Each structure stands twice: as structure tokens, then as C-alpha cells.
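Examining the three-dimensional arrangement
Chain residues, written in single-letter form:
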Amino acid sequence: MEGGSCDKSKVLDVKPIRTLIPVFPEASEASPFVCVPPNGPFPSGFSPFFPFSRPQGSQSTPDLNQNDFSSTAVPIRSFRAEPMAYNGENVSPMDTYGSHKHKSAGSSSVKKRAKRSKDSESAITVLANFNPGISLSERDDGNRELVENVLLRFDAFRRKLSQMEDAKESHSGIIKRADLKAGNIMLSKGVRTNMKKRIGAAPGVEIGDIFFFRMEMCLVGLHSQSMAGIDYMVIKGDLEGEPVALSIVSSGGYDDDAEDPDVLVYSGQGGSASRDKEASDQQLVRGNLALERSLHRGNEVRVIRGLKDAVHQASKVYVYDGIYKIQESWMEKGKSGCNMFKYKLVRIPGQTGAFATWKSIQKWKEGVSSRVGLILPDLTSGAESTPVSLVNEVDDERGPACFTYFSTVKYSKPFKLVQPSFGCNCRDACQPGSSNCLCIQKNRGDFPYTANGVLVCRKPMIYECGPSCPCFRNCKNRVSQTGLKVHLEVFKTRDRGWGLQSWDPIRAGTFICEYAGEVIENVNARQDGGDGENNEYVFNTNRLYKSFKWNYETELVGEESSGASEDFDIPSPLIISSKNSGNVARFMNHSCSPNVFWQPILHEHNNEAFLHIAFFAKRHIPPLTELTYDYGIPHADETESNNVDYGRKKCLCGSQKCRGYFY
């Protein structure tokens, strides 16, 4: 050291604590051990350690808050979430910043690091120019349209990351968390709303809304803690410096009592046993203190209930149950024998039912006869592996007009292919990322579904494995051929005839059903069924459908925008009549703001193509929410004498974007 200064880059080679390995000097290089105060005095031959560098003789303690203090050190907290390259791989902070030297670990390691660094730089450059399309004021305060937009964008990004992870050949046993990766990136890029913490309802989030990931609640400001069950804030006033609770998530991690749908006995946080420590008494700090203060202040608390996902048993689904108030608190012995806090929360009356609906459905599943208004426990008569109940709670009508239940589309002749093509040669199950699978090649190299069968992207056409493919029947590229996965119910609506809804929560991208019926040559063929009646049970791909974006944003994964359309591309029109034979899809009503969309899927058999129309969830759909899709607008040749009013009906969908009519 010269002149009381030092080369800081040589002293502070900062790395995350978890990567530090003790390095001891050789015996010949070792210096005698000397213990001195940090500010000296130092024996001859020893230098003070930065930032305690001072000219010899100065005994004053250095002020670390001085403006002239500077360091290249990175706070330890900055290493908690590792930056991510565009291909979904984690990149170390050292690779990201690119300003630290590394010891050589072999040419292959150096090449891998260089590639990761290059990829991360590319991703960072792309993300730096990313426009979230959300203003600063909208980030603070949301609305319904904005909340739905953020959730739609998050799940599209998460599905894409899941697809990319599934395609990797990795057997490391590392838990894949595409939801955390997607959430962290979107939070950092400003794709969020309701950042401003508040007591009471979160603008744009409705009671009964469901979430399949904690990160979704963070992005829309319902519950900003990705792990902790209690979200709180410090407000100024009489109890300045004291926290108050904003929201809680009851997900079964503690001994919560949730039998009464309007009352929740919530257990405090902390004190649980883990691999490294035994169970202990809970302390009145942080979230527990916030709940205690909220009890005395009487402020409102948002409650989110975590429940097991009926479709994916290993996952949870969270339902926003509305506003509660804390009525009382006490301490009792938990199952571990340690003291834990208990808080009794009571739901404010007059709110829409949410958790109560889930409790009712649970009873119906235990005994379907308890369903009020039940006409038939299964209108499919066993044609579907999952029964479809028929219910009328509105009037005395005992069911729709008779039809033959058929679970798929019936062709009189195969669909015409522009050029012949063949199925895959996979001998077991088609694997994501396989370059040899012909079906994957036809899907432009991407497996169309995630590992749990959720559609990743809308495409002009999706190619599934067909009867000619030798792969297993449970191949994950046969999603639309495996029947119903959610418990559906045909029910009588108040003003739109019969409709379709689900007992189960439905995740965005989930396959619901296909449109089954008889393929007909043209719209007018067999329209009246021989009795002079107009056939309202027709699906026509040749109609005009409103375009919408559902896929991920390419900028978020470092891809150049291709401008490729998501809209379908079918060689020739397909018209299906379900008047005389069909499945549950014939009961789906029209909506100008639908929660379901259709996707053309092609199966091939002996070089003959069979086109199917599959319906997927556009967004997360809570239980007992009517399933709807856009019927589209007919071309002139579908109407009578080019009369635009022919077949037009008044639309009663109730959407804010309702166009007032449908066909």
C-alpha cells in the first residue's frame, strides 16, 4: 500500500458466501498470526484492512457513511435470486456482471461460462428495451382489465419457460420452478399492478378469483409475499412504527381450522420444525404482531384460501375469499407441543360466495344426490370417463331436447391434406426436445404441451400423434384424445337456455373438450333435421373470429419477434353439426368476452387426416363459472340472401365489451 490507499479490486473479490472455500497459504508463505484492533496500531510489516485504511498514527474509528467511501462489493442479498439467461438457465451473478475474474476450471467450463455470459448479456440487452405497456400510475393502482392482462401475460411466459425446461435433457433432480423465474422477471420489468400496499380490497381483483401460483398474487398486489402467509405494512398514526396485517394465505401449513366457510381460525407464523431446528414457541413479531395490532385497530384483512387442486393432486389452487376482520386472538399448544398464536377471523357479510362454493362442491363429490336441482348424475351414460351432471335450479324443465351422446367428431370421409405426411416413429412416448420425432417436427420443433398437459401456445395448427403412431396411448402429445379431465356440469341458465360449467377449477391452457358431432358439407345441409326447425348446434371454422393474443411475449425469452399469427390456418372449412349427436360442447354459450377458445388439431391415420376442434381455457376459470366461447360472425354465404340480420340474436353475455348480438 502506498500513500494510504489500496487496490480494492485485489482485496474484495466478492463471491456469495455459499461458494467460499477456505484457502490457506503454503507453509513457506505463511506469516505469523497477529491479532490487532481493526483501526490499529499495526506492527511493522502489516497493513490495515480496507476500509479501515488510515495513515499510521490515526486512531479514530472510520465513518463508513462518508461520501468518499466506495467499494465494488455487491450486497449479499443481491445473490439470493440468480439472474436468468433467455434460455431459462440460471446464470451466476459473476457471469452477469462480467467484471470479476475467475480461476480456470478447464476449457469446457470456461466455454460454458462464456456461453452463459454471452446469452445473459443478450437477454439483459433485450429486457433492457422491454416495454411493459403499463404506466407508473397503473402499477400503483389496478383495475379489472389490467389484472386480467397481467395474469394472462404471466401464465403465457410461465408456460413457455416450462416448455423450455421440459425440452432440456436434465436428470440432475433440480426442482424446476418456471413460476418463480417468470414472476421475478415480470416484477423487475414492471409487468405488475397494485404495487401500492393498502388495507382492504385490491382494485381489479374479484372475490372468487383463483390463482395457481403465489407469484400471481404478488403480481396483482393481492398478497405481496411469495412465501410468507402474512402480508403487512407499517402505517403512520397513533401506532407509528407498528405493523398492521393486509392479507393472509391459509394453505394448510399450520393447524388452521377452516370448517365454517365464513370463519377462519388462523395459526400464527414461525416456530415450525425443520431439518435444522426443532419446533419452538411462536414469537409476537412481524406477521404475528401485525395480526395482533389489526385486532385492536379493527382493520380489514384480505383472506386467500389454499386448497388441493382436484386435477393436479400435487399442486394447490388459491381462492380469494374476500374481506375478513379479526375478532379475537389467543395462544394454545400446537401439535408440536409448542405455543402458537391463534386468530379468529370472521367474514364481512354481504360478499359473493367463494370458499363456501368450494365446500358445497366437496359435498356434491362425496354424494352427487346432494346437488340441488339434479336431474341426471351423468347425461353421457358412461360415454365419458368423468360423469357430466345435468342440473336445473331455475324452472321445471327436465332437460334439453334428446340427442345421441357421442364423444368425438364423425367423418363421412377424411379431411383433405395438401400433401401426404406420416406420424412419428417413437416406440414409447414422444419426448420434449426430441429431434427425431416427426410429430414434434411438424409442430415446428416444439412440444405443444407442458409436462402436465397444459397447452403452451395457440398455433395455426397443432399436430398430435394419431392411431398410426406407435407411441404409447398415454403419450403427452395426445392431450385432446384422452377424454374429459374436469368434472363438467350442464345447467339451466336464467336467460340463455342450457349452459356448461365445471365443478373443478380450470387452469389456463387446460383442455376442456372437443366439439363432437357430424361433419357436414355445407351450412344448409341437414339444417332443419327433417322437421323444419333451424339448427342452432353448428360449429363453422369459416366464420370471422375476433383475433386476440394469448401466447408469450418473445422479448421476455430473448427471441426476435417473428410476427407469426396465432390465428388458425385450415386448408378448407370444417362444419360440424351437433343437433342429433354430439357432446357437452354443444351446450357452450356465446360470449363477447369468452373464457374458452378453440384450437384446430390434426390427427393422421394411414396417411389420412382427421381434423378436430379442441377447446382450451383462455384464463384461469373458477368453479361454477359458465364456460363460453366466441361464436364468430358468418360470411355472406352463410346468411339468407346476404341479409346480415338473418340468424342474428340478441346477446345476453353481460360483458362490458358486448357487441349486442351474436349468430
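If you're wondering where the values come from, they're calculated on a predicted model, not measured in any experiment. (Residues numbered from 1 in each chain as written. Predicted model: local features only at pLDDT ≥ 70, side-chain atom pairs only at ≥ 80, totals over all residues. Heavy atoms only, no water.)

A short note on the overall build of the protein
- Of regular secondary structure, the protein possesses ten helices and 25 strands.
- Of all 663 residues assigned to the protein, the portion counted as buried reaches 45%.
- Of all intrachain contacts in the protein linking residues separated by at least 6 positions in sequence, the fraction that spans at least 24 positions is 68%.
- Entry remark: accessible area of the protein is about 34600 Å², with carbon and sulfur atoms responsible for 50%. (Helix = DSSP H or I, 4+ residues; strand = E, 2+ residues; numbered from the N terminus. Buried < 20%, exposed > 50% of the residue type's maximum accessible area, 1.4 Å probe, protein only. Contact = heavy atoms within 4.5 Å. Areas by Shrake-Rupley, 256 points an atom, 1.4 Å probe, with all protein chains shown as cover.)

Notes on the pairing of strand β21 (residues 596-605)
- With nine of ten residues buried, β21 lies mostly within the body of the structure.
- Looking at chain direction, strand β12 (residues 462-463) and β21 are connected through two bridges and run parallel. Note on β21: the bridge partner recorded for Tyr 463 is Leu 602.
- As defined by bridge partners, β21 adjoins strand β22 (residues 608-617) across ten bridges and the pair is classed as antiparallel. (Pairing = 2+ DSSP bridges.)

Description of the environment of Leu 627
- Note that Leu 627 resides in the loop between β22 and β23 (628-629).
- By relative accessible area, Leu 627 is classed as buried at 0%.
- Taking the C-alpha atoms as reference points, Leu 627 and Ile 512, separated by 115 residues in sequence, lie 9.5 Å from one another.

Details of the nonpolar core
- Core analysis: the biggest nonpolar cluster contains 42 residues, and Phe 157, Val 205, Phe 211, Val 220 and Leu 222 have the highest contact counts within it.
- For this core, the secondary-structure elements that each account for two or more residues are α5 (144-167), α6 (178-188), β1 (210-211), α7 (214-219) and β6 (316-333).
- Judged by nonpolar contacts, the second largest core, of 41 residues, contains Leu 500, Ile 576, Phe 587 and Ala 609. (Core = buried A, V, L, I, M, F, W, Y, C linked by side-chain atoms within 4.5 Å.)

A few points about the pattern of salt bridges
- By the definition in use, this model includes 29 salt bridges.
- Ionic pairing is found between Asp 141 and Lys 196, a salt bridge with its closest N-O pair at 3.3 Å. With Asp 141 in the loop between α4 (136-140) and α5 and Lys 196 in the loop between α6 and β1, this residue pair connects regions lying 55 residues apart in the sequence.
- For Lys 196, a relative accessible area of 42% corresponds to the partly exposed category.
- The shortest N-O distance in the salt bridge between Asp 209 and Arg 144 comes to 2.6 Å. Within this pair, whereas Asp 209 is found in the loop between α6 and β1, its partner Arg 144 is found in helix α5, the two being separated by 65 residues in sequence.
- Given a relative accessible area of 11%, Asp 209 falls into the buried group.
- Three or more residues are tied together by salt bridges with common partners; here these are Arg 144, Glu 148, Glu 206 and Asp 209. (Salt bridge = Lys/Arg side-chain N within 4 Å of Asp/Glu carboxyl O.)

Examining the sheet that holds β12
- Read across the sheet, four strands follow the order β12-β21-β22-β15 without closing on themselves; strand pairing throughout is mixed. At either end of the open sheet lies a strand with only one pairing partner, and these are β12 and β15 (511-514).

A closer look at the confidence of the model for the protein
- Scored by pLDDT, the protein comes out at a mean of 80, with 73% of its residues at no less than 70.
- Residue range residues 49-125 is modelled with pLDDT below 50. Its contacts to residues more than four positions away, or to other chains, number 95 contacts.
- Here residues 526-533 is a poorly scored stretch, pLDDT under 50, and it has twelve contacts once near neighbours within four places are set aside; other chains count. (pLDDT = per-residue confidence, 0-100.)

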